[in-house]
Number of protein chains: 2
Amino acid sequence: MNKKAQDRSEASDSVTIRSVAKLAKVSIATVSRFLNQNGYVGADSALRIRSAMDELDYVPNTSARNLASSKTWTIGLLLEHIAGDFFTPLFKGIEAEASEAGYSLVTVSTAPWKDLGAKNPPLGPHNTDGILVFADGLPEAWAERWNQSGFPMVFIQQEPPAGSSLPSVHVENTQAVREAVRHLIEAHGRRRIAFLRGQIGQKDSGEREAGYEAAIAEAGLELLPELMLEGGFDTEIACASVGAALEAGLAFDAICAADDDSAIGALRAMRERGIRVPEDVSLIGFDDQEYCTLVDPSLSTIRAPTEAVARAATRALLALFRGEEPKGRVVLPSEVICRRSCGCSKR
Amino acid sequence: MNKKAQDRSEASDSVTIRSVAKLAKVSIATVSRFLNQNGYVGADSALRIRSAMDELDYVPNTSARNLASSKTWTIGLLLEHIAGDFFTPLFKGIEAEASEAGYSLVTVSTAPWKDLGAKNPPLGPHNTDGILVFADGLPEAWAERWNQSGFPMVFIQQEPPAGSSLPSVHVENTQAVREAVRHLIEAHGRRRIAFLRGQIGQKDSGEREAGYEAAIAEAGLELLPELMLEGGFDTEIACASVGAALEAGLAFDAICAADDDSAIGALRAMRERGIRVPEDVSLIGFDDQEYCTLVDPSLSTIRAPTEAVARAATRALLALFRGEEPKGRVVLPSEVICRRSCGCSKR
DNA sequence: TTGAAAGCGCTAACAT
DNA sequence: ATGTTAGCGCTTTCAA
């Protein structure tokens with residue numbers, strides 16, 4: 001092992017801005033200026049500094065940097081659970097925007113923390129420059145407190161604390177369902193359209209239902225209570241509920257489901273009874289899960305712009321960092337995707 | 001706004017160990033000892049410190065702490081892309097283990113970094129205590145260099161650098177497929193079992209194929225080249241390939257697919273030609289995607305223990321932190337899941 | 001059981 | 001264009 005290699009293996013931690021300064025024959029201030037591309041650095045100094053850094057495999061110590069500058073260059077993501085179809089696109093979008101802007105992303109699932117009743121949130125002003133809060137990732141009380149102190153926060157699928165002007169980013173439900181139901185009516189001539197509810201009291205569920213009702217009213221159709229079926233965001237529940245309705249003699253020519261899972265349940269119930277989709281009944285779901293293109297017939301659905309929401313939220317946080325005025329509430333449109341089950345394409 | 005509330009809103013950053021020390025009438029050293037539960041602290045001092053902390057809403061500054069102790073209490077996760085079905089369970093497992101042990105988790109998708117040809121990895125000894133590397137998340141060269149310097153690393157679905165004794169955790173492919181194929185033979189009496197390949201050269205793909213071959217050999221059956229079909233880990237490709245085989249008159253009584261997507265393609269190809277699954281042909285996939293229970297017939301498959309792998313890897317890293325001897329290579333077994341498509345259950 | 005004080009590695013005035 | 005120096009908030013000897 002030669003001298004240089006030996007230096008290396010000991011190095012990593014022990015190579016500081018001082019070693020670089022000494023080797024480059026400048027002061028540590030100049031090295032710092034070079035590092036941060038601020039202040040003036042002579043061309044020759046710059047050259048020597050650069051090669052000294054290479055020579056020593058110098059990497060600035062993050063903690064020291066953060067402490068001195070009182071910036072952490074870290075964005076926190078708080079969410080209750082790490083689960084579900086949305087998680088990957090959400091995370092992907094946040095990570096991409098954050099790292100492009102030079103920020104690290106630290107993520108904490110807060111359910112365990114809530115259970116433990118720990119005093120301080122795992123992520124906050126002490127270790128991040130700002131946080132992204134997904135759904136119920138952070139108790140109101142903390143959001144309010146931090147809002148008071150001006151700590152940058154952006155909320156995703158959650159309303160900011162009352163009276164705050166902090167940004168929040170949401171997925172659009174109502175208009176998308178309204179459009180989908182209108183499509184069923186106008187493009188496929190459906191008139192008796194059943195709605196497969198999600199969970200009562202759940203926000204998305206209610207908004208989607210509202211979209212259904214709006215489209216029905218808009219088309220001059222009657223809103224029939226018997227056409228509101230239980231779906232429970234669940235395949236089995238939906239299958240049973242649609243099955244029962246069918247057995248009871250309920251007639252419909254389309255089903256708009258509150259999510260894809262329940263749409264699959266409806267599909268099964270109908271297939272078991274010889275009802276053809278989409279020939280006899282049009283079917284549309286919500287979520288655009290991966291399996292939508294794989295089932296037979298492929299499932300028409302509505303796609304929430306999860307990754308776009310994630311990127312928008314992250315950008316809003318970065319804007320907060322820059323001191324820009326908060327953008328307020330943003331709602332991103334969901335997209336109706338026509339496949340075979342509504343009657344559109346062949347496959 | 002009363003005095004206390006005002007203190008609060010200014011607080012957050014400005015409340016330091018000093019404020020606490022002053023209010024509690026002790027030195028900062030004592031506060032620090034109390035904070036870290038090391039060294040001696042008198043009962044009365046402890047009491048005063050505790051209430052001073054509460055009073056001031058004190059939260060220790062992470063950067064300062066890290067700098068002084070040269071620990072970051074941070075685990076890094078490096079992966080090439082944030083995508084795929086495995087990501088959520090992988091991440092969930094890592095986050096759970098890390099935060100339980102008091103570590104933060106910072107995640108970086110390294111594809112952009114590789115593209116940019118940036119000099120230093122975004123995560124390393126300068127900002128983490130150790131890293132988890134998933135698949136091709138980190139170029140060999142860096143793994144080797146850091147291995148030399150003793151930086152704690154654990155590899156997931158990737159071999160550690162040659163000559164290192166660093167831990168790696170993998171998912172078992174071969175035995176699981178072998179078992180599945182044996183099941184097709186022994187439980188369902190199948191004799192002409194086709195294999196739907198993944199991608200040639202791909203590691204998982206090769207291992208799964210090896211499992212198929214082992215089971216065939218073991219059962220005293222002949223390994224027929226014509227039964228090796230192209231699947232490409234893709235529904236369309238598999239559908240076309242199985243369709244073509246069928247048109248060409250190929251006969252088989254079972255298909256073992258390298259993944260669920262291609263199994264779905266096979267299912268479609270057979271259904272289009274009136275071949276019943278599982279009555280005429282048994283079918284089994286790999287991955288246990290969410291849709292396996294939703295398709296009709298439900299898809300028998302093999303489930304990789306992704307979350308368990310994540311937890312094992314994280315625990316191995318924590319063990320490295322403690323200075324324990326590296327555990328070496330660990331392979332976690334995958335599980336055969338019988339549903340209807342192989343001929344087992346009713347639904 | 002406690003306090004004083006010397007850093008940890010860096011940034012950012014300030015001076016030159 | 002560059003160097004000197006005073007911190008950033010905490011941990012950790014070392015004395016007392």
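Everything discussed here concerns the structure shown above.
Residues numbered from 1 in each chain as written. Chains lettered and ligands numbered in written order. Predicted model: local features only at pLDDT ≥ 70, side-chain atom pairs only at ≥ 80, totals over all residues. Heavy atoms only, no water.

Novice: Hey, could you run me through the overall build of chain A in this one?
Specialist: In terms of helices and strands, chain A carries 13 helices and 12 strands. Taking 347 residues into account, the globule formula puts the C-alpha radius of gyration at 20 Å, and chain A, at 27 Å, lies well above it. Overall, the C-alpha framework of chain A stretches about 90 × 50 × 40 Å when taken along its three principal axes. Within chain A, residue pairs in contact and separated by at least 24 positions form 68% of the contacts whose partners lie at least 6 positions apart. Carbon and sulfur atoms form 51% of the exposed surface of chain A, whose accessible area is close to 15,300 Å². (Helix = DSSP H or I, 4+ residues; strand = E, 2+ residues; numbered from the N terminus. Rg over C-alpha atoms; globule rule 2.2 N^0.38 Å. Contact = heavy atoms within 4.5 Å. Areas by Shrake-Rupley, 256 points an atom, 1.4 Å probe, with all protein chains shown as cover.)

Novice: What should I look at first to understand the interface of chain A and chain B in this one?
Specialist: In many reports, interface size means the accessible area that the parts give up when they come together. Taken together, the 51 residues of chain A in the interface contact 49 residues of chain B. Carbon and sulfur atoms make up 53% of the area that chain A and chain B hide from each other, which totals about 4,400 Å². Here chain A is connected to chain B by four salt bridges. A salt bridge links Arg145(A) to Asp57(B), with the nearest nitrogen and oxygen atoms 3.4 Å apart. Where chain A packs against chain B, one counts 11 residue pairs in polar contact (both at pLDDT 80 or more). Secondary structure elements with two or more residues in the side of chain A that touches chain B: helix H5 (62-69), helix H6 (87-100), strand E2 (104-109), helix H8 (140-148) and helix H12 (260-272) of chain A. By residue number, the principal contributor to the side of chain A that touches chain B is E2(A), which donates six residues. (Buried area = accessible area lost by both parts, 1.4 Å probe. Salt bridge = Lys/Arg side-chain N within 4 Å of Asp/Glu carboxyl O. Polar contact = N/O pair within 3.5 Å; in protein donor to acceptor, adjacent residues only side chain to side chain.)

Novice: Explain the protein's contact with DNA strand D here, please?
Specialist: Surrounding DNA strand D, one finds 24 residues, the nearest of these being Tyr40(A), Gly42(A), Ser45(A), Ile17(B) and Tyr58(B). Here Ile17(B) contributes a backbone N or O atom positioned 2.3 Å from a phosphate oxygen of DNA strand D. A distance of 3.1 Å separates a phosphate oxygen of DNA strand D from a polar side-chain atom of Asn36(B). Contributing elements (two or more residues each) for the surface near DNA strand D: helix H3 (28-36) and H5 of chain A together with helix H3 (28-36) and helix H5 (62-69) of chain B. Of the residues forming the surface near DNA strand D, the biggest block, four residues, is contributed by H3(B). Within the surface near DNA strand D, the residues separate by chemical class into 13 nonpolar, nine polar and two charged. (Near = heavy atom within 4 Å. Nonpolar A, V, L, I, M, F, W, Y, C, P; charged D, E, K, R; others polar.)

Novice: Please clarify how the sheet that holds strand E6 (residues 193-197) of chain A should be interpreted in this entry.
Specialist: Strand pairing in a sheet takes place through backbone hydrogen bonds and is either antiparallel or parallel in direction. Residue and element names in this part refer to chain A. Ordered by their spatial adjacency, four strands build an open sheet running E7-E6-E8-E9, and the pairing between neighbours is parallel. Edge positions in the sheet fall to strand E7 (228-230) and strand E9 (282-284), since each has one partner strand and no second. The sheet shows a mean angle of 20° between the axes of neighbouring strands, direction not considered. Packed onto the sheet, H12 meets E6, strand E8 (254-257) and E9 and runs at close to 150° relative to E8. (Pairing = 2+ DSSP bridges. Axes fitted to C-alpha atoms, helices over the stretch in contact; angles between N-to-C directions.)

Novice: Would you mind going over the protein's contact with DNA strand C with me for this structure?
Specialist: The local shell around DNA strand C holds 25 residues, among which Ile17(A), Tyr58(A), Arg33(B), Gly42(B) and Ser45(B) are the closest. Near the protein, meaning within 4 Å, the atoms of DNA strand C are sugar or phosphate in a fraction of 62%, with bases accounting for the rest. Within the side chain of Asn36(A), a nitrogen or oxygen atom sits 3.2 Å from a phosphate oxygen of DNA strand C. Within the side chain of Tyr58(A), one N or O atom sits 2.4 Å away from a phosphate oxygen of DNA strand C.

Novice: Got a minute to help me understand the side chain of Asn173(A) in this structure?
Specialist: All names here are of chain A. Within the secondary structure, Asn173 is located in the loop between strand E5 (168-171) and helix H9 (174-186). Reaching out from Asn173, the side chain makes a polar contact with the side chain of Asp204 at a distance of 2.8 Å. Not counting residues within four places of it along the chain, the set of residues in contact with Asn173 comprises Asp204, Glu207, Arg208 and Phe286.

Novice: Can you walk me through the pairing of strand E4 (residues 153-156) of chain B in this structure?
Specialist: Looking along a regular strand, one sees the side chains alternate between the two faces of the sheet. Residues and elements named next belong to chain B. Covered by surrounding structure in E4 are Met153 and Phe155 together with Val154 and Ile156, the residues of both alternating faces. Read from strand E3 (residues 130-134) through helix H8 (residues 140-148) to E4, the crossover connection turns out right-handed. Pairing geometry for E4 and strand E5 (residues 168-171), over two bridges, is parallel. Its bridge partner lying in E5, Phe155 is registered against Ser168. (Buried < 20%, exposed > 50% of the residue type's maximum accessible area, 1.4 Å probe, protein only. Right-handed = clockwise from strand over helix to strand, strands pointing away.)

Novice: Before we go on, may I ask you to explain the sheet that holds strand E6 (residues 193-197) of chain B in this structure?
Specialist: All names here are of chain B. Reading across the sheet, the four strands line up as E7-E6-E8-E9 and stay open at both edges, with parallel pairing between neighbours. Because the sheet does not close on itself, it has two edges, and the strands there are strand E7 (228-230) and strand E9 (282-284). Going from strand to strand, the sheet's axes swing by 20° on average, the running direction of each strand aside. For E6 and E7, the ladder comprises three bridges, and the chain directions are parallel. Its bridge partner being in E7, Arg197 is matched across the sheet by Glu230. Together, E6 and E7 form the strand contacts of helix H10 (residues 203-218), whose direction differs from that of E6 by roughly 170°. Docked against the sheet, helix H12 (residues 260-272) engages E6, strand E8 (254-257) and E9, running at close to 150° with respect to E8.

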